[in-house]
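Each chain is listed here by its residues.
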Amino acid sequence: MAIPKISFSATINGQKIGPVDLPEDLMAVELLQEYLNLTGTRLTCGQGVCRACTIIVDGEEGSRTVPACITGIAWLNGRSIRTIEGIAGKDTDGRPVPSPVQQAFLKHFSFQCSYCTPGFVNAATVLVESLAKAPIPVAEVEGRILTALDANLCRCTGYVRYYQAVREVILSTPGLTVDGPAQTANATVKA
Amino acid sequence: MIRVLRVLCLLVVLGAVAAGLLMWKGWGAGPIPPASVDLASLDGPARADLIARGEQVARAGDCAACHTDPDGGSDLAGGMPMVTPMGTIYGTNISPSETHGIGGWSADDLYTAIAWGVAPGGRNLYPAMPYVSYHAITRADSDALYAWLMAQPPVEKPNTPNRLIPPFNLRFGVSLWNAVFRPDAAPFQPATDETPEAARGRYLVDVLGHCGECHTPRNLAYAMTGQPLAGNVIEGALAPNLTPDALVQRGWTAGDLERFLASGLAPQGVMTFRMFPVLSHSTSHMPPEDIKAITSHLLAGRSAPGPVPRPVAGTPDAAGHQLYLGLCAGCHGPNGTGQPHSSVPLNTNTTAMFDDPINLVRIIREGVEARDLAQGERMQAMPGFADRLDDTQMAQLVSYLRQRWGGHADPVAADRIAEIIRRVDGVEAAH
């Protein structure tokens, strides 16, 4: 019996994909790794528990994370997706420039084996994007990081470094907090 | 006009007399059987035996289900909220604290509270305390329970005041209710034609286990009706129909039901909502012969051929199929086979089979936290999808699951989903 297919199209890291016929029960991680050669999304538990495979889905209400190992392409059909390969920007010569989250992870050496890092970068990116839309008081930042990254597992115990990196990005980026140093500095500059 | 007034006066007087008679009938406790054992003269080993038996009674009676401290620390310190249409009632401290618990009670007091619903001083308990079920507890079980309770550490934790809607906050009103709905305390007796196992099963299900308190439909006065275990929506979840026909229709075998009670998991489902604490406090601690007795009583000698998937009913919702593949199939499999010890199979799961889709909607919206069940069984966390499915999509997915595996061809409409969510949110708000 032929495997049932669906006509799939999506925007992945800004690039239009499809329409292309794909097996209807294909999981996102297989699409990325096997069909698109985007191997930065890591398959680990295959059960949506460890979040190493976290990818970003952009919608009208903003960005959100989903685990690529248990999210089928049927749900991603027609949506806009970002993977770890789409997080860095580019300079004028087209060379990749790490995003502020990536830069902070490098500075704080927020990984050891790095297997879970793409998931952490994506989850932190979504956190930063959500704060840009709805800034919070500095006093709530630590709790918010814990909530946002709680589901992401790291077996090299790099949590402290991930945490420090994300906190630094949030506190040093104007507009992510309502009363943070970056916010105050920014106000001073404007004045 | 005067005539009308006279008739009205007469009716008022008659009503007052009737209420008075009912109050008198339902007031306080009736006679109690003599103590089964002289607690004062028990020596060490005999007392230890009694305490061990009492623990089994506490497990089978699942005292902890309502009397546990939701903040942890003690199974007996109270504080667990129970949401009823009359308001929220909190389980009380039944540790042997003199100040806050039952430290000052005698064994007679305990029996009277359990079997008659009356605490020392003649204070009516609310029928959230299942004395209607417990009315047939044996004095020996009550006394063993007393010995065990008094051997537990006292917890000095004050009780949480109930938040009942007037007039239900008036305890004397319970006397009226008792007059109509409370059976007299009468220790359980096996029927003459009943095997010991059958009698034990009936006692465990109807009396100690008080299964009917959730699974039996209730009337307008919130009393259990004469359709025992026929299923009931309580605290925003369906406690399903446990009558033999219904169990067999949903594919329950005796072996699967035993596994379910002992380990929390069977191909037909996993202990969820209020049944998860029942598993962890009660059924997972019960001896195998008690589990067998419960199962054979519930199935009444019948048994399904096995957990066979139901044939597809009608045409499964096409949009629901895509949602299933996109959101569910990653763990439960495109054909609903699940993954051992992490995600339940859906093709034999009974949740989609219930007429009322409330449990299905809740599980999909809220998810289920990762759980250590019992006997090494466990389930990974299921995420909630409330933020990814609007009412229409939820209706499509729920309809699909019911059509594909539940045997229900009729689709569930989006406004039905909205109504279920309102009902569930109401219960949540009352906690």
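Residues numbered from 1 in each chain as written. Chains lettered and ligands numbered in written order. Predicted model: local features only at pLDDT ≥ 70, side-chain atom pairs only at ≥ 80, totals over all residues. Heavy atoms only, no water.

**Details of the overall build of chain B**
Secondary structure summary: chain B contains 17 helices and 11 strands in total. The globule rule puts the C-alpha radius of gyration for 431 residues at 22 Å, and the 24 Å found for chain B is close to it. Seen through its principal axes, chain B has C-alpha atoms that stretch 75 × 65 × 45 Å. Burial analysis of chain B (431 residues in total) assigns 51% to the buried set. Split by element, the accessible area of chain B, about 19,600 Å² in all, is 61% carbon and sulfur. Taken together, the 31 basic and 41 acidic charged side chains of chain B have centroids lying 6 Å from each other. (Helix = DSSP H or I, 4+ residues; strand = E, 2+ residues; numbered from the N terminus. Rg over C-alpha atoms; globule rule 2.2 N^0.38 Å. Buried < 20%, exposed > 50% of the residue type's maximum accessible area, 1.4 Å probe, protein only. Areas by Shrake-Rupley, 256 points an atom, 1.4 Å probe, with all protein chains shown as cover. Lys, Arg positive; Asp, Glu negative; His and termini not counted. Charge placed at Lys NZ, Arg CZ, Asp CG, Glu CD.)

**A few points about the side chain of His215(B)**
Residues and elements named next belong to chain B. Checked against the element boundaries, His 215 lands in helix 9 (residues 212-215). A relative accessible area of 9% means that His 215 is categorised as buried. Other than its neighbours up to four places away in sequence, His 215 contacts Leu 229, Ala 230, Gly 231, Asn 232, Ala 239, Pro 240 and Leu 242. (Contact = heavy atoms within 4.5 Å.)

**Things to note about the domain arrangement of chain B**
All names here are of chain B. You can read the domains of chain B as domain 1 (2-181), domain 2 (196-299) and domain 3 (318-430). For domain 1 versus domain 2, the distance between C-alpha centres works out to 23 Å. In this assembly, 28 residues from domain 1 lie in contact with 22 residues from domain 2. Looking only at domain 1, the three residues that lose the most surface to domain 2 are Arg 59, Ala 60 and Ser 133, adding up to 27% of its buried area. (Domains from an automatic or database assignment. Buried area = accessible area lost by both parts, 1.4 Å probe.)

**Considerations on the packing of aromatic side chains**
Note on aromatic pairs: each is described by the distance of the centres and the angle between the planes. In this structure the tally under the stated criterion is 10 aromatic pairs over all chains. Consider the rings of Tyr400(B) and Trp405(B), whose centres lie 6.4 Å apart with planes at 75°: the pair is edge-to-face. The exposure classification of Tyr400(B) matches that of Trp405(B), with both residues buried. An aromatic cluster is defined as three or more aromatic residues linked by ring pairs; in this entry it consists of Phe105(A), Phe120(A), Tyr159(A) and Tyr162(A). Above the ring of Tyr222(B), the side-chain terminus of Arg218(B) is found at 4.8 Å from the ring centroid. One residue, Arg371(B), lies across the ring of Phe276(B), its end atom 4.2 Å from the ring centre. (Phe/Tyr/Trp six-rings, centres within 6.5 Å; stacked < 30°, edge-to-face > 60°. Lys NZ or Arg CZ within 6 Å of the ring centre and 35° of its normal.)

**Brief notes about the state of the cysteines**
One pass over the full model with this rule turns up 0 disulfides over all chains. The structure places no disulfide on Cys113(A), whose sulfur is separated from the nearest cysteine sulfur, that of Cys156(A), by 3.8 Å. (Disulfide = S-S within 2.5 Å.)

**Some points on the environment of His341(B)**
Residue and element names in this part refer to chain B. Turning to its location among the elements, His 341 is positioned in the loop between helix 14 (318-332) and helix 15 (358-366). When its relative accessible area of 37% is taken as the criterion, His 341 is described as partly exposed. In the structure, His 341 is positioned 92 residues away from Gln 249 in sequence and 25 Å away in space, judged by C-alpha atoms. Discounting chain neighbours no more than four positions away, the residues touching His 341 are Glu 377, Arg 378, Met 379 and Gln 380.

**Topic: the sheet that holds strand 1 (residues 5-12) of chain A**
Residues and elements named next belong to chain A. Reading across from one edge, 2-1-5-3-4 is the order of the 5 strands in this open sheet, with mixed pairing throughout. The open sheet has two edge strands with one neighbour each: strand 2 (15-23) and strand 4 (62-67). Direction aside, the axes of adjacent strands within the sheet are offset by 35° on average. Inspection of the sheet shows strand 3 (residues 54-59) paired to strand 4 by 6 bridges, in the antiparallel sense. (Pairing = 2+ DSSP bridges. Axes fitted to C-alpha atoms, helices over the stretch in contact; angles between N-to-C directions.)

**As for the interface of chain B and chain A**
The interface of chain B with chain A comprises 15 residues on the first partner and 14 residues on the second. Carbon and sulfur atoms supply 52% of the area that chain B and chain A bury against each other, a total of about 1,300 Å² over both sides. Our enumeration of links across chain B and chain A arrives at 1 salt bridge. Among the salt bridges present, the one from Asp387(B) reaches Arg64(A), with a minimum N-O distance of 3.0 Å. The tally of links between chain B and chain A comes to 6 residue pairs in polar contact (both at pLDDT 80 or more). Among the residues making up the side of chain B that touches chain A, the classes are represented as 6 nonpolar, 7 polar and 2 charged. (Salt bridge = Lys/Arg side-chain N within 4 Å of Asp/Glu carboxyl O. Polar contact = N/O pair within 3.5 Å; in protein donor to acceptor, adjacent residues only side chain to side chain. Nonpolar A, V, L, I, M, F, W, Y, C, P; charged D, E, K, R; others polar.)

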